[in-house]
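Below are the chains, spelled out letter by letter.
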Amino acid sequence: MIIIPVNELREGMQLAENVDTTTATEYRTLIPKGTFLSRSMIEMLKSEGIKSVRINIGGLTSGVDTSGVARRSPSKPESLVSDEQPIDERIINEDLSHALTDLDEIFDCNEEIKELSQASIQKVDNIANDIITDIASDPSFLGKQMIALQNYDDYTYKHCLRVAMLSTSVGVEMGLSVDEIKDLVVAGLLHDIGKSNIDHDIIIKPGKLTDEEFAEIKRHPLIGYNILKNSGNYNSNVLSGVLFHQEKFDGSGYPTGIAGKKIPLVARILTVCDVFDALTSNRPYRVPWSVPETEEYILGACESHFDLEVTQAFLRAFNPYPVGTVVQLTDGRHGVVISHSPNVLRPTVRVMGEFAGEEINLMDDFRFLTLAVSGIYKGSEYPVN
């Protein structure tokens with residue numbers, strides 16, 4: 001099985017997994033696994049906004065030998081793993097639909113927010129519980145639903161929902177307790193609540209902010225902190241996540257300029273997830289960055305903007321090159337990812353095409369220190385090994 005961009009699909013390829021809709025409000029299976037694709041099916045996938053699908057090797061007219069490909073499933077704390085069957089995905093999409101509606105009502109009120117009502121506090125708590133349950137019950141939930149949520153216009157509350165979901169998986173990857181993960185999710189859902197009290201024209205401004213406008217934006221962590229503190233229902237972990245999520249590891253962030261491990265862990269996690277979502281989302285003034293580009297940027301900014309330990313956990317949780325991905329190398333060759341090193345940006349690749357069969361460990365093979373993955377393979381053919 002390999003992952004192939006929809007634009008590179010050909011008639012006769014066989015799906016290795018179901019292809020589902022990418023809308024958070026309506027669920028259905030577009031094409032079931034095992035189907036041999038026709039031209040009309042491929043066009044339908046493009047029109048639905050599907051980016052890539054998993055294809056059986058036997059369903060390729062020119063295939064790839066991926067025997068021996070390793071698989072890795074992210075570990076989860078025992079308390080987050082359910083022995084039951086995964087929750088029906090229609091219910092999961094219902095959860096997200098309700099979350100979007102509830103967060104919209106909380107964030108987009110018509111007056112300055114002083115504190116959250118008990119009803120709003122309960123809604124946030126319910127959303128957090130749903131996120132934790134859904135992600136723990138279905139390992140594929142996050143990837144599919146993040147794609148769905150990216151399709152929505154990017155309002156603050158939708159960004160907060162995505163950051164909460166991303167943070168959940170990072171917390172799981174770091175082995176946090178269920179209570180710590182719950183605090184992390186709640187802080188993610190509310191980390192930008194302070195923007196509700198800032199001029200909306202500044203929030204949605206498509207161009208560069210003036211110094212005065214940026215100074216206004218920089219007030220939102222403290223505003224959010226005060227809203228939650230006045231609400232009286234949030235512990236120090238949640239409060240510190242909201243207050244410090246714009247701090248940087250080198251002390252150059254705001255609102256207080258604290259640095260390093262003095263920044264609470266919940267805030268260090270939110271910082272990485274916040275920047276990742278902002279860079280990979282549509283903005284009026286720029287196109288979204290790709291996942292690999294964004295993760296390269298985040299890794300390069302470790303120890304200045306981001307905590308290395310958190311960044312490494314994030315990369316493990318959101319690997320840009322899953323096993324089976326066909327990638328382009330910087331020397332022009334292409335291959336399929338067969339396993340990963342601790343640095344997921346430098347996997348082990350089995351070369352395809354003219355040099356088929358050679359395996360290159362980009363992390364430890366000193367013959368290839370200058371060789372790297374330049375991105376997902378964009379060619380029109382997938383040669384046989």
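This text follows the structure it describes.
First, a word on scope: everything that follows refers to the structure included in this document. (Residues numbered from 1 in each chain as written. Predicted model: local features only at pLDDT ≥ 70, side-chain atom pairs only at ≥ 80, totals over all residues. Heavy atoms only, no water.)

## A word on the packing of helix 11 (residues 265-280) against helix 12 (residues 291-300)
In contact at an axis separation of 10 Å, helix 11 and helix 12 are set at 140° when each is read in the N-to-C sense. Taken as axis vectors, helix 11 and helix 12 run oblique relative to one another. Two packed elements cross with a definite hand, and for helix 11 against helix 12 that hand is right-handed. Contact with helix 11, carried on its side by Val272, Val275, Phe276, Leu279 and Thr280, involves Val291, Thr294, Glu295, Tyr297 and Ile298 of helix 12 and no other residues of that element. Residues belonging to the contact of helix 11 with helix 12 are distributed by class as follows: seven nonpolar, two polar and one charged. (Axes fitted to C-alpha atoms, helices over the stretch in contact; angles between N-to-C directions. Helix = DSSP H or I, 4+ residues; strand = E, 2+ residues; numbered from the N terminus. Parallel < 35°, antiparallel > 145°, perpendicular 65-115°, else oblique. Left-handed = near helix turned anticlockwise from the far one by under 90°. Contact = heavy atoms within 4.5 Å. Nonpolar A, V, L, I, M, F, W, Y, C, P; charged D, E, K, R; others polar.)

## Points about the nonpolar core
Ranked by internal contacts, the top residues of the largest apolar core, which has 56 residues, are Leu116, Ile131, Leu161, Leu189, Leu190, Leu228 and Tyr234. Secondary-structure elements contributing two or more residues to this core are helix 2 (89-107), helix 3 (118-137), helix 5 (156-173), helix 6 (178-190), helix 9 (220-231), helix 10 (236-244), helix 11 and helix 13 (308-317). Looking at which element gives the most residues to this core, the answer is helix 5, with nine residues. (Core = buried A, V, L, I, M, F, W, Y, C linked by side-chain atoms within 4.5 Å. Buried < 20%, exposed > 50% of the residue type's maximum accessible area, 1.4 Å probe, protein only.)

## Quick word on the pairing of strand 6 (residues 334-339)
Taken across its six residues, strand 6 has five buried, putting it largely inside the fold. Here strand 5 (residues 326-329) folds back onto strand 6, and the loop between the two strands holds four residues, one of which, Gly332, carries a positive phi near 100°. Direction of pairing for strand 6 relative to strand 7 (residues 348-351): antiparallel, over a ladder of four bridges. Following the sheet pairing, Val336 is matched in strand 7 by Arg350. (Pairing = 2+ DSSP bridges.)

## Re the pattern of salt bridges
Note that side chains of opposite charge can pair when their charged atoms are close. Enumeration according to the criterion identifies 17 salt bridges in this entry. Of the charged contacts in the structure, one is a salt bridge between Glu11 and Arg39, with a shortest N-O distance of 3.3 Å. Taken together, the residues span a long stretch of sequence, with Glu11 in the loop between strand 1 (2-5) and strand 2 (19-20) and Arg39 in helix 1 (residues 39-47) at a distance of 28 residues. By relative accessible area, Arg39 is classed as exposed at 58%. The shortest N-O distance in the salt bridge between Glu43 and Lys46 comes to 3.5 Å. (Salt bridge = Lys/Arg side-chain N within 4 Å of Asp/Glu carboxyl O.)

## Regarding helix 12
Among the residues of helix 12, those classed as buried are Pro292, Thr294, Glu295 and Ile298. For helix 12, the buried positions fall inside an angular range of 160° around the axis, keeping them on one side. (Arc of directions from axis to C-beta.)

## Quick notes on the sheet that holds strand 6
With antiparallel pairing, five strands are arranged side by side in an open sheet as 8-7-6-5-9. The open sheet has two edge strands, strand 8 (359-361) and strand 9 (373-376), and neither has a second partner. Strand-to-strand twist across the sheet, computed as the mean angle between neighbouring axes with direction ignored, equals 40°. Two elements, strand 5 and strand 9, share three bridges in a ladder whose sense is antiparallel. Residue pairing for strand 9: Gln328 is matched across the bridge by Gly375.

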